[in-house]
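# Understanding the architecture of this molecule
Residues per chain are reported as follows:
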Amino acid sequence: MRHLSVFRLVVAATFLLVAVALAVPWARVPAISFLCFGLAALGLTVLMRAGQVSFGHAMYAAIGGYTVAFLARRFPGADALLLALAGVLASAVCGAVVSVFLSRYRGIFFGMLNLGISMVLVSLIGKLYTHTGGTDGLRFERPTMLGMTLSRGDFEIAMLVLVVVLALAALWLVQRYFDSAAGQLLAAIKTNETRLEYIGVSARRVLVQGYVVSAALVGLSGVLLALVQGLVTPEAGHWLRSGEYVFIAILGGSATAVGAFLGAAVFEIIKLTAAAYFTNAWQSLLGATLIAVLFFAPDGLMAARRARRKDVSS
Amino acid sequence: MNTDLLMLAVVDGLSYAGLLFLVSLGLTLICGVFGVINVAHGSLYAIGGYSAASVVMWLLPKQPSALLLVASLFVVALVVGGLLGAALRVLLLRHFQDRDPILQLLVTFAVFMVLEDVQRWLWGATPMTASEITSRLGTSDILGVTFMNYQLYLVPGVALLAFVLLQLLLRHSIAGRQIVAVIHNREVATALGIDAARVGTLTFALAGVLGALGGALSVPTTSFVPGLGAEMIVTSFAVIATAGLGQVTGALIAAVLIGVSRSIAVYTVPELEVVMPYLMMVLVLLIRPHGLFSVATARKI
Amino acid sequence: MSLPAPSLYGEPLLRTEGLTLKFGGITAADAIDFALQPGERLAVIGANGAGKTTFINICTGYIRPTHGKVFLAGRDITTLGPRQIARLGVGRSFQLPQLFQDHTVRQCLELGAVGRAGRASWFKPLAQSVDQKAVTEMLELVELQAHADERVTALPEGHRKLLDVAIALMLQPRLVIMDEPTSGVASEEKHAVMNTLMRALDERNVTSWFVEHDTDIVLKYATRVAAWIDGRIAADGKPEDVFADPVVRREVLGSK
């Protein structure tokens, strides 16, 4: 069964990741970063299920991160988990508000309106520097974790464990959502929205639900990254970041939840390679890779993999 | 706000609207013909501007006339915009032409990313400008306020001329009418024998010239730094979304609306400057979801 | 064939009043006054472009009329959309089958069941969140059990048409509107298909309204025929009477 082989892959990958990260201290933050990008791409995958692409979703990472920063500075004793929850809630609520307007649109309008709104937000964040620290961003003190005050090293380990647990939970829950009645309705938006309306289902409402989930996921990734770095900058919401999330989601393919993390892994490898050999050309490398993927495998890596396995088994 | 400042804001706004219109015109043409948003159009604006600045810098030691300097802007736009636009279509987008519009948008987004790097390699991060031109063209005094002739006459003039010429082209030339035919119904147009591929390349070249012209004409008044392409593509999308995708006259009106409101914001509430275009767009879309002049789409069932 | 059941309050199931649609110089519907009684089996005939599908689109809320009103069991539904009208008990199938291309036959029916239920679980898989008995029954009704787990894109045209109708029936509607339900079905099988469909509709007390070009089918299964010519209902009554009408014979049947 498809899910079983994926399950084994995920378990193996998790063990590998955690083992490496615990053994090699400098691998922890990159590992967390990889998982966070995966979470954000997962958020985009949810929307792609409905056939929609948002070019501005990084704004929810910024909302999540800045919420954490504001609250951490205002309430220095607040626990990391509480801060995280607050950040995710803020992203979800903002997503709900925005989606009421955006859910009327599809395709290009949907994608570009998201972009426009995110650019407004990011530029506001940059301009209102008395509150947001402007382009330098906001720093905040390392919060407690489950009530314990931890050293930097221990905090990183704790964050790693938290992120792994949340990523696995998200992976499972989102895949269940995809397979559920609500998730299948979401997928039906992509193929025949008119029919959906004619069976009494509000496509708009279904899309709003999906949008809130996607905003919460991207928000979560922003929250976790901010916590681990003790810093959030406007770059977290920059349209280039949104583009990276889209790229990863496409790379991994939108058919399964785990595709987002596969895409994030490949993306991380490309980034490291580019940083090592082509420091001034990493954006072009990414762009060129995206074009290649779009030409040869527009349904992403997971679909290509499944196609190969089907050929083998049949 | 006193009348002097208001007049300055309006002229500033109209000049900016002129540039915005040129760029948006290119974008809306491609959108109308192909149903695709060409994100790389922002790069054409940036590269057009950078190239123009380089050419002007090269010309200056040769003591050129003001006319030559201004003409060089147009020549650069024509060559750089036309070639780059056509190349984008022929080398790349043609291979994706029957795919999902979002997919094509993503391809143009990828091209945009590559071209951002190309700009950095060619011109680095130093601000480039061609302010010589504005100072050469002098100023005018109207009602006691001093305006730059460049902003007052040249830019709006070029924009209006482009608008008129394009309307003439679309209505009275064979190539133009073919473009209109393809916009209205690609399949029917092809059945009638119109070479949709050639129309495609022509449209992209024309759009490229317009985008690059917007950039080239911006360079005398704006300092070109990395990132301007991104800002321009999103603002011009706001213009064409407000106007209705593919609408030419609507783009002119929307550009003026957005340009002037942005300029007034700069002079009154500067923090809202970047927000203004999207604010306008959202306000319009709340009332007319597909833009001011959008056309009704055909029945599907 | 059962007689139409008398309606409780004399109120027709569906009624239009002066329904008009004009655009671009064309009158697709010209001040239509029309009433459909519960239990009727209405066949709508007419040449292509006569306005049959447009009328359906207006009555089901897909298009807003220029003038006039539509009433469903006495309730004004003129401004409602397809979703609300579906919820009020109207099922519809389309000239070009409207299916969910990325889903299987079974899943399409399951989605229909979700539509009927009005709620969708976020956690239980689709197959387990609907009444599978109803789905299986429907599969048997339209004889698509063998294809149940195939992608709809693999189905031949006739099957796609049937699936389209089946999805509408999953809503358990009281009125089902079918736009050319047997087009694409091989002529030998048309009668079998209509027989099955009509029997199922009778069992569930569903009023039916179908667009049909085959006069044999119309004569056998319809209790009433409305003939459309150029945006107007030119004749309306018992099948034998409508087919005997000279205008109908010339404009509608003659064009075959």
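Parameters at a glance
Residues numbered from 1 in each chain as written. Chains lettered and ligands numbered in written order. Predicted model: local features only at pLDDT ≥ 70, side-chain atom pairs only at ≥ 80, totals over all residues. Contact = placed C-beta atoms within 7 Å. Helix = DSSP H or I, 4+ residues; strand = E, 2+ residues; numbered from the N terminus. Nonpolar A, V, L, I, M, F, W, Y, C, P; charged D, E, K, R; others polar. Pairing = 2+ DSSP bridges. Axes fitted to C-alpha atoms, helices over the stretch in contact; angles between N-to-C directions. Buried ≥ 20, exposed ≤ 12 C-beta atoms within 10 Å, placed from the backbone. Expected span 1.5 Å × (residues − 1). Left-handed = near helix turned anticlockwise from the far one by under 90°. Parallel < 35°, antiparallel > 145°, perpendicular 65-115°, else oblique. Domains from an automatic or database assignment. pLDDT = per-residue confidence, 0-100.

Tallying the contact residues gives 27 residues for chain C and 21 residues for chain A. Counting only elements with at least two residues in the side of chain C that touches chain A, the list comes to α2 (82–87) and α3 (105–117) of chain C. Element by element, the count of residues in the side of chain C that touches chain A is highest for α3(C), at five residues. For the side of chain C that touches chain A, the residue count by class is 13 nonpolar, nine polar and five charged.

Residues and elements named next belong to chain C. Strand order across the open sheet formed by six strands is β6-β7-β8-β3-β9-β10, with mixed pairing between neighbours. One side of each edge strand has no neighbouring strand; the edge strands of this open sheet are β6 (90–93) and β10 (232–237). Taking the axes of each pair of neighbouring strands and ignoring which way they run, one obtains an average angle of 15° across the sheet. Across four bridges, β6 lies against strand β7 (residues 175–179) in parallel orientation. Each bridged residue has a counterpart across the sheet, and for V90 the counterpart in β7 is L175. Contacts from helix α5 (residues 157–170) reach β6 and β7 within the one sheet, and its direction differs from that of β6 by about 170°.

It is worth spelling out the interface of chain B and chain A at this point. Contacts between the two partners involve 29 residues from chain B and, on the opposite side, 32 residues from chain A. When residues of the side of chain B that touches chain A are traced back to their parent elements, those giving at least two are α4 (101–123), α10 (228–243) and α12 (276–287) of chain B. With 14 residues, α4(B) is the largest single contributor of residues to the side of chain B that touches chain A. Among the residues forming the side of chain B that touches chain A, the class breakdown is 24 nonpolar, one polar and four charged.

Among the secondary structure elements, B:L106 is positioned in helix α4. Exposure remark for B:L106: the 26 C-beta atoms within 10 Å place this residue in the buried category. C-alpha separation for the pair B:L106 and B:A40, spaced 66 residues apart in sequence, amounts to 10.0 Å. Residues contacting B:L106, with those up to four places away along its chain left out, are A:I250, A:L290 and A:L294.

So, on to α3(C). Helical geometry note: an α-helix holds 3.6 residues per turn, so side chains three or four residues apart project in the same direction. For α3(C), which comprises 13 residues, the first-to-last C-alpha distance of 19 Å matches the rise-based estimate of 18 Å (1.5 Å per residue) to within 8%. Of all the positions in α3(C), only C:V105, C:R106, C:Q107, C:C108, C:L109, C:E110, C:L111, C:G112, C:A113, C:V114, C:G115 and C:R116 are classed as buried. Looking at the buried positions of α3(C), the neighbouring elements they touch are α8 (181–198) of chain A together with α4 (132–141) and α5 of chain C. Just past α3(C), the residue C:G118 takes up positive phi, approximately 80°.

Turning our attention to the packing of helix α4 (residues 80–102) of chain A against helix α9 (residues 203–229) of chain A. Residues and elements named next belong to chain A. Direction vectors running N to C along α4 and α9 enclose 145°, while the axes themselves pass 7 Å from each other. Crossing of α4 over α9 shows right-handed handedness. Grouping the amino acids of the contact of α4 with α9 by side-chain chemistry returns 19 nonpolar, five polar and no charged.

All names here are of chain B. Packing of helix α1 (residues 3–34) against helix α11 (residues 248–268) brings their axes to within 7 Å, and their N-to-C directions diverge by 140°. The angle between α1 and α11 places the two elements in the oblique class. Helix-helix and strand crossings are classified by hand; for α1 and α11 the assignment is right-handed. Here the contact of α1 with α11 is composed, by residue class, of 18 nonpolar, five polar and two charged.

Another aspect to go through is the domain arrangement of chain C. All names here are of chain C. Each assigned domain of chain C is listed with its residue range as follows: domain 1 (10–89 + 175–256) and domain 2 (94–171). Averaged C-alpha coordinates put domain 1 and domain 2 at centres separated by 24 Å. In this complex, domain 1 contributes 15 residues to the contact, which on the side of domain 2 involves eleven residues. Among the secondary structure elements, those contributing two or more residues to the side of domain 1 that touches domain 2 are β7 and α6 (187–203). At four residues, α6 tops the list of elements feeding residues into the side of domain 1 that touches domain 2.

Looking now at the confidence of the model for chain C. Residue and element names in this part refer to chain C. A residue-level look at chain C finds 96% of positions with pLDDT of 70 or above and a mean pLDDT of 90. In this model residues 1–5 is a low-confidence stretch, pLDDT under 50, and it forms eight contacts with partners more than four residues away in sequence or in other chains. Across the predicted assembly, pTM comes out at 0.89 and ipTM at 0.91.

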